[in-house]
Amino acid sequence: MASSREIKRRIRSVKNVGQITRAMEMVAASKMRRAQRNVLAARPYADRMRELMGDLTARVSGPATKGTLLEKRAVVKNVGLIIVTPDRGLCGSLITNVLRRAVRFMIDQRALNHGVEVFVYGKKGRDYAVRNSLALVGEMTKIGDSPRIEDILGVAVGAIKGFQTGRYDELYIIYSEYINTLVQRATVKQLAPVETPDAPVSTNQIFTYEPGEEEVLHAVLPRYVETQIYQAILESSASFYSAQMVAMRNATKSAKDLVKDLTLTFNKARQAAITKEVSEISSGAAAQAE
Amino acid sequence: MPMHLEIVTAERVIFSDEVDQVNAPTRDGRVGILPRHEPLLTILQPGELGIIKDGVRTPYAISGGFMEVLSSRVTILADTVERADEIDEARAEKSRRVAEERKQGAQTERDMALAEAKLRKELVRLQVARMKSARRQ
């Protein structure tokens with residue numbers, strides 16, 4: 001059995017770890033709330049955008065979609081993939097889930113003979129892409145907790161341009177979808193060709209488009225895709241902090257359990273030492289009495 | 001009859017209120033929107049967005065976006081938007097100078113276009129920052 005001094009030291013160190021994870025849990029909890037607010041705040045824009053798109057695409061179809069982000073290409077040669085990961089770890093299985101989903105996606109694409117090029121948001125995904133020598137064409141790290149849409153456009157625009165110029169025939173994004181505090185799901189979403197949302201029923205009005213339907217469509221489409229990427233990043237951030245909060249809560253609980261266990265062991269060791277000492281004294285006394 | 005104006009950016013809802021008139025810089029020129037305007041969907045360019053409510057005109061600087069007008073509801077999906085009195089003139093001036101320098105030093109056509117777009121945006125911000133809310137006669 002370890003000496004009581006040894007055990008005492010371990011108790012102290014586990015307690016310290018527990019204090020740190022508890023602090024991290026609380027920090028993650030407050031950042032999670034902010035990230036959730038960001039997701040909610042960004043929703044009206046995305047919703048209005050979708051309505052607008054539904055109305056527009058109902059009017060423009062067929063050959064007019066050529067060269068736009070709506071264009072469905074008969075032969076797919078290359079696809080662009082955007083992977084969204086956090087910058088930091090300590091968030092349970094979140095990163096693994098996203099990366100595993102990405103790997104499965106790439107295997108599926110290769111089976112179809114599609115080349116895959118990768119864009120990455122977040123340090124963890126970047127490191128993974130570099131380590132596994134994926135075809136990394138764009139990356140952005142240190143995004144921060146409340147990015148504005150301009151902050152994240154660099155990579156997004158690269159991917160969109162890639163589709164417009166025909167370098168990619170399809171565009172996808174993989175990110176951690178925020179379902180609730182306990183559940184985050186690695187999700188694949190198709191960005192381009194843009195899947196047209198259903199036209200809203202309310203707008204049976206006839207719009208005037210200035211300068212024209214097609215010009216408006218050409219301007220709206222890239223923005224629509226950018227918005228989707230932005231939303232994915234915000235959701236990933238909310239997912240990250242929830243996962244981190246839960247992971248840290250579990251760590252704190254484990255630390256507590258461990259301290260309890262160690263304290264028990266410590267007390268037993270102390271008890272054993274006392275018993276031993278008493279029996280030594282009494283046996284010594286007995287020997288003298290003889 | 002008032003109309004409802006909502007200005008949203010990708011980040012959040014900036015403005016949501018009843019207004020009397022909206023003057024917006026579209027790609028084809030400035031338009032004034034009054035209640036009961038015909039349904040319109042248009043592209044906005046950098047410029048001054050004027051919102052008139054109770055005879056007071058509040059200028060905003062907008063860097064681009066889309067505007068949808070539907071009977072008495074106007075929705076502006078803005079790239080970025082700032083109220084004139086929220087713009088820090090000194091800082092806007094500095095940004096303008098930086099943009100100008102970058103334009104001078106641009107090597108490729110792409111850099112040139114980017115710098116020019118940025119410059120135009122900063123010029124608009126400066127211009128709008130100097131407008132103060134004005135009472136309309």
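Preceding block: the structure.
Our subject in this report is the structure included herewith.

Conventions we followed
- Residues numbered from 1 in each chain as written.
- Chains lettered and ligands numbered in written order.
- Predicted model: local features only at pLDDT ≥ 70, side-chain atom pairs only at ≥ 80, totals over all residues.
- Helix = DSSP H or I, 4+ residues; strand = E, 2+ residues; numbered from the N terminus.
- Rg over C-alpha atoms; globule rule 2.2 N^0.38 Å.
- Buried ≥ 20, exposed ≤ 12 C-beta atoms within 10 Å, placed from the backbone.
- Contact = placed C-beta atoms within 7 Å.
- Nonpolar A, V, L, I, M, F, W, Y, C, P; charged D, E, K, R; others polar.
- Pairing = 2+ DSSP bridges.
- Expected span 1.5 Å × (residues − 1).
- Arc of directions from axis to C-beta.
- Axes fitted to C-alpha atoms, helices over the stretch in contact; angles between N-to-C directions.
- Parallel < 35°, antiparallel > 145°, perpendicular 65-115°, else oblique.
- Left-handed = near helix turned anticlockwise from the far one by under 90°.

Let's shift gears to the overall build of chain B. Across its full length, chain B carries two helices and eleven strands. Along chain B, from the amino end to the carboxyl end, the secondary structure elements read β-β-β-β-β-β-β-β-β-β-α-α-β. Relative to the globule expectation of 14 Å for 137 residues, the C-alpha radius of gyration of chain B, 16 Å, shows essentially globular dimensions. The principal-axis extent of the C-alpha atoms belonging to chain B is close to 50 × 30 × 25 Å. For chain B, buried positions account for 31% of its 137 residues. In chain B, the share of contacts with a sequence separation of at least 24, taken over all contacts with a separation of at least 6, comes to 51%.

Further remarks concern the overall build of chain A. Helix and strand counts for chain A stand at five helices and six strands. Going residue by residue from the N terminus, the α and β elements of chain A occur as α-β-α-β-α-β-α-β-β-β-α. For a compact globule of 290 residues, the expected C-alpha radius of gyration is about 19 Å, and chain A comes in at 29 Å, more than 25% above that figure. Overall, chain A is about 115 × 40 × 25 Å in size when its C-alpha atoms are taken along their principal axes. Out of the 290 residues belonging to chain A, those deemed buried represent 34%. Within chain A, residue pairs in contact and separated by at least 24 positions form 78% of the contacts whose partners lie at least 6 positions apart.

Once that is clear, we can look at the interface of chain A and chain B. The interface of chain A with chain B comprises 22 residues on the first partner and 20 residues on the second. At seven residues, the largest contribution of residues to the side of chain A that touches chain B is made by helix H1 (residues 4-59) of chain A. Here the side of chain A that touches chain B is built from residues that sort into 15 nonpolar, three polar and four charged. Across three bridges, strand S6 (residues 208-210) of chain A lies against strand S5 (residues 40-44) of chain B in parallel orientation. Bridging from a neighbouring strand, tyrosine 209 of chain A pairs with leucine 41 of chain B of S5 of chain B.

All names here are of chain B. For strand S9 (residues 73-78), a buried count of five out of six residues is recorded, marking the element as mostly surrounded by other parts of the structure. In the sheet, strand S1 (residues 3-9) pairs with S9 via six bridges, with the strands oriented parallel. Bridging from a neighbouring strand, glutamate 6 pairs with threonine 75 of S9. Sheet topology places strand S8 (residues 65-70) next to S9; six bridges connect them, and they run antiparallel. Opposite leucine 70, over in S9, you have arginine 73 as the bridge partner.

All names here are of chain B. In this model, helix H2 (residues 109-130) (22 residues) spans 32 Å end to end at C-alpha, consistent with the 32 Å of a helix rising 1.5 Å per residue. Taken as a whole, H2 has its buried residues at Lys121, Glu122, Val124, Arg125, Val128 and Ala129. Along the axis of H2, the buried positions cluster into a sector of 155 degrees, meaning they face one direction only. Opposite the buried face of H2, by more than 90 degrees, sit the exposed residues Glu109, Ala113 and Arg130. Contacts made by the buried residues of H2 are with strand S6 (47-53), strand S7 (56-62) and helix H1 (89-104).

This next bit is on the packing of H1 of chain A against helix H5 (residues 213-289) of chain A. Residue and element names in this part refer to chain A. Contact geometry of H1 with H5 gives a least axis separation of 5 Å together with a crossing angle of 165 degrees. When the axes of H1 and H5 are compared, the pair comes out roughly antiparallel. Remark: the crossing between H1 and H5 carries left-handed chirality. Looking at side-chain class alone, the contact of H1 with H5 contains 35 nonpolar, 13 polar and twelve charged residues.

In short, shape yes, function no, at least from these values alone.
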